[in-house]
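Letter by letter, the chains look like this.
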Amino acid sequence: MKKIGMLKDMIRSAFRQPVTELYPVERRPAAEDFRGMLHWNPEGCTGCALCVKDCPADAIELITIDKAAKRFVIRYHVDRCLFCGQCAYSCRFNCITLSNDEWELADLGRDNYTVLYGEPEDIEQFSLESEPEPDIEPA
Ligand code: SF4
Ligand code: SF4
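Residues numbered from 1 in each chain as written. Chains lettered and ligands numbered in written order. Predicted model: local features only at pLDDT ≥ 70, side-chain atom pairs only at ≥ 80, totals over all residues. Heavy atoms only, no water.

Side note on the nonpolar core
Defined as follows: Residues enter a nonpolar core if they are buried and are Ala, Val, Leu, Ile, Met, Phe, Trp, Tyr or Cys, with the set joined through side-chain atoms within 4.5 Å. The cut-offs for exposure are 20% and 50% of the maximum accessible area for each residue type, with area from a 1.4 Å probe on protein chains only; residues under the lower value are buried, those over the upper are exposed, and the others partly exposed. Numbered from the N terminus, helices here are DSSP runs of H or I no shorter than four residues, and strands are runs of E no shorter than two. Contacts: residue pairs with any heavy atoms within 4.5 Å of one another.
Counting 25 residues, the largest nonpolar core has L38, W40, I60, Y76, I96 and Y117 as the members making the most contacts within it. Elements supplying a minimum of two residues to this core: β1 (38–40), α2 (50–54), β2 (60–66), β3 (71–77), β4 (96–98) and β5 (114–117). Per-element tally for this core: the top contributor is β3, with three residues. Once residues within four sequence positions are removed from consideration, Y117 is found in contact with M37, L38, H39, W40, F72, V73, I74, Y76 and I123.

Now the structure itself:
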């Protein structure tokens, strides 16, 4: 009985299209709620630092440029991120999103794993200085 079942499976498989994909030549779009690369939208950010405090991996740092003007820079450590989505959940102003189409993040070095988000002039200032201090030290 078992052998007949196996034979049926073999015949069926011989005529079925393969389910494997020719990745990376063929890429299927990720699910809508897939969690990939973090993006930060400064609009609405109050600098409350909830995203920093709630991140279980110390992957986000908040650097205040001008609190009154609500100008901040976010330093995101891609190589620490667990893609859990807690930061996006914690932010009450929808400043953080996790992209569903940027998920091929492997790299040969670590240089690209530190990403600065903010106004271009603020980011430029950082590239001239040595490591700016975050508002909250990692736990
Ligand atoms: S997705 Fe999770 S691990 Fe990554 S920065 Fe947000 S809270 Fe931290
Ligand atoms: S939780 Fe949202 S509003 Fe608060 S610092 Fe983070 S990004 Fe800004």
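Things to note about the sheet that holds β3
In plain terms, the rule: Should DSSP find at least two bridges between two strands, the strands are regarded as paired. Angular values range over 0 to 180 degrees, each being the angle between N-to-C directions of two axes fitted as lines to C-alpha atoms, with helices fitted over their stretch in contact.
One open sheet holds the three strands; their spatial order is β2-β3-β5, and the pairing between them is antiparallel. Among the strands making up the open sheet, the edge pair consists of β2 and β5. Averaged over all pairs of adjacent strands, the angle between strand axes in this sheet comes to 20 degrees, irrespective of strand direction. With four bridges connecting them, β3 and β5 associate as antiparallel partners. If you follow Y76 over to β5, its bridge partner there is V115.

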